[in-house]
Amino acid sequence: MRTTFLDPELVTSITIIIISALIPAIQNTWLTSAFLFFMLLTIMGHSWNLFSGLTRIISFGHGAFFGLGAYATFIVVRDLSQPFPFSFILSLIMASAICGSAAFLLSYPFLALRGLSFAICTLAFTEFLAIVFANTQIIERGHEVAFIQPQTDIIANYYLTLLILFLVTMVFWRVKHSKLGLALIAIGENEAAAESLGVDVFSSIRSSYVISAICMGLVGALYPYILLSATVETLFGIERSLIPLVVGLLGGPGSIAGSFMGALVFQILAEALRTTLGYLHLVVLGSLVILIHLLEPSGIFGIVSKLVKKTK
Amino acid sequence: MALEISQIITSLFFGFIEGSLYGLLGVGLSLALGVMKIVNLAHGPLAVLGAYMLFFLIYSLGISVPLSFLLSLAILATIGLIIYWGLINRIVTNEPSTLIVTYGLEIIIGNMLLSIFTGATRTVDLKLGSLNLGYFSVGLNRILALLIALASILAIDFMSKKTFFGIAMRATADDKDAAELMGIDTTKVYALSYSICALLACLFGLCYITTHSITPLIGGLFTLKAFVVAVLCGGNLILALAIGLLLGLSEILLTSFLIPSPYQNSVAFVILLVALTTLRRKRR
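Residues numbered from 1 in each chain as written. Chains lettered and ligands numbered in written order. Predicted model: local features only at pLDDT ≥ 70, side-chain atom pairs only at ≥ 80, totals over all residues. Heavy atoms only, no water.

## Here's the deal with the overall build of chain A
Then step 1. Across its full length, chain A holds 14 helices and two strands.
Then step 2. Over its C-alpha trace chain A gives a radius of gyration of 19 Å, about what one expects of a compact globule, namely 20 Å for 312 residues.
Then step 3. The proportion of buried residues among the 312 residues of chain A is 56%.
Then step 4. Of the contacts made within chain A by residues no fewer than 6 positions apart, 82% connect residues no fewer than 24 positions apart.
Then step 5. Of the roughly 12,800 Å² of accessible surface on chain A, 69% is carried by carbon and sulfur atoms. (Helix = DSSP H or I, 4+ residues; strand = E, 2+ residues; numbered from the N terminus. Rg over C-alpha atoms; globule rule 2.2 N^0.38 Å. Buried < 20%, exposed > 50% of the residue type's maximum accessible area, 1.4 Å probe, protein only. Contact = heavy atoms within 4.5 Å. Areas by Shrake-Rupley, 256 points an atom, 1.4 Å probe, with all protein chains shown as cover.)

Listed below in structure tokens is the structure:
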């Protein structure tokens, strides 16, 4: 299959990445950190879209990989005291290795399930990990996870996140336009039909699950460098599993540019509502998920592409 | 040695009460799963909503306890109907959609309660006194909760087997199209079933808040425990009670004698993961 670099999805994505690269030049700390979180949200959206968006097997438990990735960073920073760039690279490698192998092992019991069983299993697994991490001595002080402050500034974090966003976007684009991506989309449309046409269903969804878990683990690994401290609740909380789902659904399941759009809308709403509404901002997000899903299942990307078609 | 025996008997007894509550919780979810083939992820949050409704009616509005019980049940049944007609009815045949929409509901209910009632633990004290049973004494509120749970499970089982609505419900669950050809208004059956689910969730919530303390975001945990019961019982409501008892007993016994108490909730997750990955393999 021939792929062109003029794919509108890729052009949109690269444009947004280039705009993001120019943001620190404005030298507005608030704007820079807002864009930093926007990029993290986008990677989470990519991660969810790569698996659930393409195959339509809904995961409620991507938060588990986020938490594992963050713990990888914590262990690297605490036990292997390396100077900044090495510790950073090491924690990314650790997080990828842990999340990738966890997803690979989990795929055997979990990916035999579909629909509600799979969704509930992922949810239960995340909760189980939260209980285990909250009560074991992997970290010293129970619920409080205090991260040793790495010697970095926000600009370095910003460009490293941008680099990872770029890499994840390219991986998503390559996967989507490869034989594997076609197989995944076919499975999403009709699994039995895909299987009858010779698609190796299990190994395809397993590959996508592993890649997706690694992406989520990378966000988790970046997170401590940016926030510098965390608790078990913030690492494994239900929000961590909710956010990728919301970003993916808002933007449009399975679409690359959709993750950017979903993350942008999410970030604007979260910034605007968090201070004024407190916990009610999650109520608004929950309502938004329901509304978007009922009214326009293809998400913001779907709406935008319809508008573009109309104007042509 | 005498101490050991009394400890075991106490654990068994409290495990039995806890288990009957889980049975009640599971029966509601099992009904939605059996009749409508949807996983109502909002089941636990609806229970929490019912519990907070009771708390609100008693402590903020000063309504008497029995009336508050009835009012919360009525309000929750109505909310169930509204949720069905407003949201679920449009997507009832589409499994991923019901998952997403009820997940959205879970987030909405939990965080709404969190912003109204804050994250502090709440409980409703019925001031019923306690009963001395020789080895130990037990609060009458727990006995009441046990009786409510057992009575509601038996009542729902009776309803589904002997009444016209129950038969219509089971017919719809078996074959929706055939039931429609026989003149059953399946949409109405679905709506009423969802309302009954909300009612059962509320009953559990009422029993729970009068015997335990509750926080707004505990709903997801309830849904998962209900799911353990619903998956293992496979639609048989009396079996649901048995599974609930098994879950309650194993939680209490394990945390009393084997594992540290923070791990209590992980028992349900382990059972769930093992059950789903072994029993439901290749099932959709």
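## Overview of the interface of chain B and chain A
Then step 1. Counting from both sides, the interface comprises 39 residues of chain B and, opposite them, 39 residues of chain A.
Then step 2. Carbon and sulfur atoms make up 80% of the area that chain B and chain A hide from each other, which totals about 3,600 Å².
Then step 3. Inspection of the region where chain B meets chain A yields zero salt bridges.
Then step 4. The interface formed by chain B and chain A contains one residue pair in polar contact (both at pLDDT 80 or more).
Then step 5. Secondary-structure elements contributing two or more residues to the side of chain B that touches chain A are helix H3 (65-91), helix H4 (95-117), helix H9 (219-233) and helix H11 (264-279) of chain B.
Then step 6. For the side of chain B that touches chain A, the leading source of residues is H4 of chain B, giving 16 residues.
Then step 7. Tallied by class, residues from the side of chain B that touches chain A come to 24 nonpolar, seven polar and eight charged. (Buried area = accessible area lost by both parts, 1.4 Å probe. Salt bridge = Lys/Arg side-chain N within 4 Å of Asp/Glu carboxyl O. Polar contact = N/O pair within 3.5 Å; in protein donor to acceptor, adjacent residues only side chain to side chain. Nonpolar A, V, L, I, M, F, W, Y, C, P; charged D, E, K, R; others polar.)

## What to know about the packing of aromatic side chains
All names here are of chain A.
Then step 1. Taken as a whole and assessed by the stated rule, the structure comprises 23 aromatic pairs over all chains.
Then step 2. Measuring from centroid to centroid gives 5.5 Å for tyrosine 158 and tyrosine 159, while their planes differ by 75 degrees, and the two rings are edge-to-face.
Then step 3. Taking relative accessible area as the criterion, tyrosine 158 reaches 0% and is therefore assigned buried.
Then step 4. Note on tyrosine 159: relative accessible area 37%, which makes it partly exposed.
Then step 5. Joined through ring pairs, the aromatic side chains of Phe51, Phe65, Phe118 and Tyr209 make up one cluster. (Phe/Tyr/Trp six-rings, centres within 6.5 Å; stacked < 30°, edge-to-face > 60°.)

## A few points about the confidence of the model for chain B
All names here are of chain B.
Then step 1. For chain B, per-residue confidence averages 86 on the pLDDT scale, and 97% of positions sit at 70 or higher.
Then step 2. No element of chain B has a lower mean pLDDT than strand E1 (residues 130-132), which averages 78, and none a higher one than helix H2 (residues 43-60), which averages 93.
Then step 3. Two summary scores accompany this predicted model of the complex, namely pTM at 0.84 and ipTM at 0.79. (pLDDT = per-residue confidence, 0-100.)

## A short note on the packing of helix H5 (residues 140-162) of chain B against helix H6 (residues 164-174) of chain B
All names here are of chain B.
Then step 1. Where H5 meets H6, the closest approach of the two axes is 5 Å, and the angle between their N-to-C directions is 75 degrees. As far as their axial angle goes, H6 and H5 are roughly perpendicular. Counting all contacts with H5, which are made through Met159, Ser160, Lys161 and Lys162, the residues of H6 involved are Phe164, Phe165, Gly166, Ile167, Met169 and Arg170.
Then step 2. Class assignment for the residues of the contact of H5 with H6 results in five nonpolar, two polar and three charged. (Axes fitted to C-alpha atoms, helices over the stretch in contact; angles between N-to-C directions. Parallel < 35°, antiparallel > 145°, perpendicular 65-115°, else oblique.)

## Observations regarding helix H12 (residues 256-277) of chain A
Residue pairs three or four apart in sequence face the same way in an α-helix, which turns once every 3.6 residues.
Residue and element names in this part refer to chain A.
Then step 1. Across its 22 residues, H12 extends 30 Å between first and last C-alpha, which sits within 8% of the 32 Å expected from 1.5 Å per residue.
Then step 2. Most pronounced at alanine 270, the bend in H12 amounts to some 25 degrees.
Then step 3. Taken residue by residue, H12 has Ile256, Ala257, Gly258, Ser259, Phe260, Met261, Gly262, Ala263, Phe266, Gln267, Ala270 and Leu273 as its buried positions.
Then step 4. The secondary structure elements touched by the buried residues of H12 are helix H1 (8-22), helix H2 (29-55), helix H6 (154-176), helix H11 (238-251), helix H13 (280-295) and helix H14 (299-311). (Expected span 1.5 Å × (residues − 1). Bend = angle between axes of the 7 residues up to and from the residue.)

## So, the environment of glycine 15 of chain B
All names here are of chain B.
Then step 1. Along the chain, glycine 15 falls in helix H1 (residues 2-36).
Then step 2. Between the C-alpha atoms of glycine 15 and alanine 42, which are 27 residues apart in sequence, the distance is 25 Å.
Then step 3. Apart from the residues lying within four places of it in its own chain, the contact partners of glycine 15 are Leu245, Gly248, Leu249 and Ile252.

## Observations regarding a nonpolar patch on the surface
All names here are of chain B.
Then step 1. Together, Leu128, Leu131, Leu133, Leu140 and Leu144 make up a nonpolar patch on the protein surface, roughly 370 Å² of accessible area in all.
Then step 2. Secondary-structure assignment places leucine 144 in helix H5.
Then step 3. Overall, leucine 144 belongs to the partly exposed group, its relative accessible area being 34%. (Patch = residues over 30% accessible without salt bridge, like charges linked within 9 Å, V, L, I, M, F, W, Y side chains within 5 Å.)

## Some points on a negative patch on the surface
Residues and elements named next belong to chain B.
Then step 1. Together, Asp174, Asp175, Asp177, Glu180 and Asp185 line one region of the surface with negative charge.
Then step 2. Looking at the element boundaries, glutamate 180 is found in helix H7 (residues 176-181).
Then step 3. Since its relative accessible area comes to 38%, glutamate 180 is described here as partly exposed. (Lys, Arg positive; Asp, Glu negative; His and termini not counted. Charge placed at Lys NZ, Arg CZ, Asp CG, Glu CD.)

## A look at the pattern of salt bridges
All names here are of chain A.
Then step 1. Counted according to the given criterion, the structure contains five salt bridges over all chains.
Then step 2. We note a salt bridge from arginine 114 to glutamate 191, for which the minimum N-O separation is 2.8 Å. In this pair, arginine 114 is assigned in the loop between helix H4 (84-110) and helix H5 (115-135) and glutamate 191 in helix H8 (residues 191-196), connecting sequence segments 77 residues apart. Here arginine 114 and glutamate 191 have matching classes, each one buried.

## Let's talk about the environment of isoleucine 226 of chain A
Residue and element names in this part refer to chain A.
Then step 1. Assignment of secondary structure puts isoleucine 226 in helix H9 (residues 201-227).
Then step 2. Taking the C-alpha atoms as reference, isoleucine 226 lies 32 Å from phenylalanine 118; in sequence the two are 108 residues apart.
Then step 3. The residues contacting isoleucine 226, other than those within four sequence positions of it, are Leu36, Phe37, Leu40, Asn157 and Thr161.

## Considerations on the side chain of serine 152 of chain B
Residue and element names in this part refer to chain B.
Then step 1. Mapped onto the elements, serine 152 comes out in helix H5.
Then step 2. According to the relative accessible area criterion, serine 152 is buried, its value standing at 9%.
Then step 3. Not counting chain neighbours up to four residues away, the residues in contact with serine 152 comprise Leu24, Leu200 and Leu203.

## Section: the state of the cysteines
Then step 1. Tallied over the full model, the rule gives zero disulfides over all chains.
Then step 2. Free cysteine cysteine 121 of chain A: the closest other cysteine sulfur is in cysteine 233 of chain B, separated by 17 Å.
Then step 3. Cysteine 121 of chain A gets classed as buried once you look at its relative accessible area, which sits at 0%.
Then step 4. A disulfide-free cysteine, cysteine 215 of chain A has its sulfur positioned 10 Å from the sulfur of cysteine 99 of chain A, the nearest such atom. (Disulfide = S-S within 2.5 Å.)

## Quick notes on the packing of H11 of chain A against H12 of chain A
All names here are of chain A.
Then step 1. Running from N to C, H11 and H12 cross one another at 115 degrees; their axes reach a closest spacing of 7 Å. As far as their axial angle goes, H12 and H11 are roughly perpendicular. At the point where H11 passes H12, the crossing takes the right-handed sense. Counting all contacts with H11, which are made through Ile243, Val246, Val247, Leu250 and Gly251, the residues of H12 involved are Gly258, Ser259, Gly262, Ala263, Val265 and Phe266. (Left-handed = near helix turned anticlockwise from the far one by under 90°.)

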